[in-house]
Amino acid sequence: EQRGQLRISFLDGAVLVGSRVLPELRGWEWGAKLAAAGIQRFEVDVHPMPSVHDLSAFISQLTVRISAGSEGPSAATLNGFRYGALSVSTHTDSATESASSEEIDELIDTLALIPLTSEAAVMQWIHERVASGGDVPFAEVEVVVSSLAMAMGQGTQRVLPLLDIVTHDQYATAHACNVATLAIGVAEQLGLSSDDAKAIGIAAMVHDIGNTKVPRELLERAGPLNDVEFAEVQRHTVEGARLLSARGRGNALAATVAYEHHRWENGQGGYPQLHWLRRSHFASRLVRVCDMYDAMRTERPYRAALSSSEALRYLQERSGIEVQGEIVQALVDLLTETPTVRTPMDAAQAPMDWTLAPQVGETQH
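This one's a predicted model, so the numbers in the text were calculated from it and none came from an experiment. (Residues numbered from 1 in each chain as written. Predicted model: local features only at pLDDT ≥ 70, side-chain atom pairs only at ≥ 80, totals over all residues. Heavy atoms only, no water.)

**A word on the overall build of the chain**
Each helix and strand in the chain was counted, giving 15 helices and eleven strands. Relative to its full complement of 365 residues, the chain shows a buried share of 45%. A separation of at least 24 residues holds for 69% of the contacts in the chain among residues at least 6 apart in sequence. Accessible surface for the chain amounts to roughly 17,700 Å². Of this, 54% is attributable to carbon and sulfur atoms. (Helix = DSSP H or I, 4+ residues; strand = E, 2+ residues; numbered from the N terminus. Buried < 20%, exposed > 50% of the residue type's maximum accessible area, 1.4 Å probe, protein only. Contact = heavy atoms within 4.5 Å. Areas by Shrake-Rupley, 256 points an atom, 1.4 Å probe, with all protein chains shown as cover.)

**Some thoughts on the confidence of the model for the chain**
Summing up the model confidence of the chain, the mean pLDDT is 82 and the portion of residues at 70 or higher is 80%. With pLDDT under 50 throughout, residues 88-100 is counted as low confidence; its partners more than four residues away or in other chains account for 24 contacts. The low-confidence segment residues 349-365 (pLDDT under 50) makes 56 contacts with residues lying over four places distant or belonging to another chain. (pLDDT = per-residue confidence, 0-100.)

**With respect to the nonpolar core**
If you look at the biggest cluster of nonpolar residues, it comprises 59 residues, and the most contacted ones within it are Val 136, Met 205, Leu 244, Leu 315 and Leu 331. When residues of this core are assigned to their parent elements, the largest contribution, ten residues, is made by helix H6 (residues 171-189). Among the nonpolar cores identified, the runner-up in size contains 14 residues, and Leu 34, Phe 42, Phe 58 and Ala 76 belong to it. (Core = buried A, V, L, I, M, F, W, Y, C linked by side-chain atoms within 4.5 Å.)

**Structural notes on the packing of aromatic side chains**
The full count for this structure, using the stated rule, is six aromatic pairs. Taken together, a centroid distance of 6.2 Å and an interplanar angle of 40° make the contact between Phe 10 and Trp 28 tilted. Of this pair, Phe 10 sits in strand E1 (residues 6-11) while Trp 28 sits in the loop between strand E3 (20-21) and helix H1 (29-36), and the two are 18 residues apart along the sequence. Residue classification places Trp 28 among the partly exposed positions, given a relative accessible area of 37%. With centroids separated by 6.2 Å and ring planes inclined at 80°, the aromatic side chains of Phe 230 and Tyr 271 adopt a geometry described as edge-to-face. Of this pair, Phe 230 sits in helix H9 (residues 227-234) while Tyr 271 sits in the loop between helix H11 (252-260) and helix H12 (282-297), and the two are 41 residues apart along the sequence. Under the relative-accessibility criterion, Phe 230 is labelled partly exposed at 39%. What links up through ring pairs into an aromatic cluster is the set Phe 10, Trp 28, Phe 42, Phe 58, Phe 81 and Tyr 83. Its guanidinium or amino end placed over the ring of Trp 264, Arg 318 lies 5.4 Å from that ring's centre, counting from NZ or CZ. (Phe/Tyr/Trp six-rings, centres within 6.5 Å; stacked < 30°, edge-to-face > 60°. Lys NZ or Arg CZ within 6 Å of the ring centre and 35° of its normal.)

**Focus: the layout of surface pockets**
Approximately 1,400 Å³ is the volume found for the largest pocket. As for the largest pocket, its lining consists of 47 residues, of which Tyr 171, Asp 208, Asn 211, Leu 219 and Arg 300 are closest to the centre. Going through the elements one at a time, helix H4 (117-131), H6, helix H8 (216-219), H9 and H12 are the ones with two or more residues in the lining of the largest pocket. Of the residues belonging to the lining of the largest pocket, the class tally is 22 nonpolar, 14 polar and eleven charged. (1 Å grid on protein atoms, 1.4 Å probe; cavity = no way out; pocket = protein on both sides within 12 Å on 5 of 7 lines; lining within 4 Å. Points joined across faces, edges and corners; volume = space filled by probe spheres on them. Nonpolar A, V, L, I, M, F, W, Y, C, P; charged D, E, K, R; others polar.)

**Looking at the packing of helix H13 (residues 308-317) against helix H14 (residues 325-337)**
Packing of H13 against H14 leaves a shortest axis separation of 10 Å and a crossing angle of 160°. Classified by the angle their axes make, H13 and H14 are roughly antiparallel. In this structure, H13 meets H14 at a crossing whose hand is left-handed. Across the interface between the two elements, Ser 308, Leu 312, Leu 315 and Gln 316 from H13 touch Val 328, Gln 329, Leu 331, Val 332 and Leu 335 from H14. In terms of residue class, the contact of H13 with H14 is built from six nonpolar, three polar and no charged. (Axes fitted to C-alpha atoms, helices over the stretch in contact; angles between N-to-C directions. Parallel < 35°, antiparallel > 145°, perpendicular 65-115°, else oblique. Left-handed = near helix turned anticlockwise from the far one by under 90°.)

**Topic: the environment of Met 292**
Its place among the elements puts Met 292 in helix H12. Relative accessible area serves as the criterion here: at 12%, Met 292 is assigned to the buried category. Considered as a pair, Met 292 and His 262 are 30 residues apart in the sequence and their alpha carbons are 9.1 Å apart. Excluding residues that lie within four positions of it along the chain, Met 292 makes contacts with Tyr 314, Leu 315, Glu 322 and Val 323.

**Here's the deal with a nonpolar patch on the surface**
Together, Trp 28, Trp 30 and Ile 66 line one region of the surface with nonpolar side chains, adding up to about 280 Å² of accessible area. Among the structural elements, Ile 66 can be located in helix H2 (residues 52-68). The exposure class assigned to Ile 66 is partly exposed, which follows from its relative accessible area of 30%. (Patch = residues over 30% accessible without salt bridge, like charges linked within 9 Å, V, L, I, M, F, W, Y side chains within 5 Å. Salt bridge = Lys/Arg side-chain N within 4 Å of Asp/Glu carboxyl O.)

**Quick notes on helix H7 (residues 194-205)**
Over its twelve residues, H7 extends 16 Å from the first C-alpha to the last, a length consistent with the 16 Å expected when each residue adds 1.5 Å. Three or more residues of H7 are buried, namely Ala 197, Ile 200, Gly 201, Ile 202, Ala 203, Ala 204 and Met 205. (Expected span 1.5 Å × (residues − 1).)

**As for the pattern of salt bridges**
A pair can form between side chains of opposite charge whenever their charged atoms are brought close. Under the criterion given, the structure shown has 17 salt bridges. Between Lys 33 and Glu 29 there is a salt bridge, with the nearest N and O atoms lying 3.2 Å from each other. Highlighted residues: Lys 33 and Glu 29, both in helix H1, separated by four residues, approximately one helical turn. Through salt bridges with shared partners, one network takes in Arg 7, Arg 41, Glu 43, Asp 45 and Arg 82.

Structure follows, in structure tokens:
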């Protein structure tokens, strides 16, 4: 009643309320069924509010339409409800013309982009929970990673949705989401299965969870750290492994990545130092590349952000020393082939707006 007419759209697997994509409903079974029956949008009036009888009539008509499939009427109106297919049109100075298939694909790509609203909020909550003494809620971590994987899309519609921080206190949340997104993309670029890519994405999402046990002023210090303070920061790898190991053996990969993601490829640098030289786990090596790239691309209190080309150049120069060259090349290929959409954290957490969507039968492009 406060926001006015409710508009819900089903398009290319995405569910939208107004113009805002609902990430938790991407791929929803009933959204696909309605869209297949030619019901890509339905609208609900609130002045006056439909009655229970109106709702019953609407559901009955939807049932008939789903049974008839795309052979049913293109649109229908009941008391308080309307539904139908979405069409795309472009406007010129002289006339309205039908949009090309490329323009429709571009519109779908735009609508399918998820601004990471829920993911950022959940990761911020996870960090606060662990910092206050709680355990790592892996169910929520898995949901966020699944949502990120869906936000990336498939095939020609694949994108890399990344977050940019606006204030320095947003770094932990944005960095976790970005490293997980990049890790999933690099894993798939290397030919890993979706299940393996997701497992690495989960490990990447919590690779820095140990930082919740490090004094915040050290993490955000603009000046140099002394040896004692740097050792305190380095402790986050051990603390992360401890936190994740406490959840049981099923989280061994995440604990391993948390422990190893700062170790060098050649074993001669990084931390923690091991008594017996061995190579880090493949997932740790992959997350390390993504971790370094996103860290270099982000402005920090003690240094400016690097450009993408500068960050990649550094990784290539350090291949075989700090990082594995094959993984760096996969990241280069991923960023070359896949559009990157960077959203400021403040925009990603903007409130939902139901007022921007077009009317049934026409979507302005």
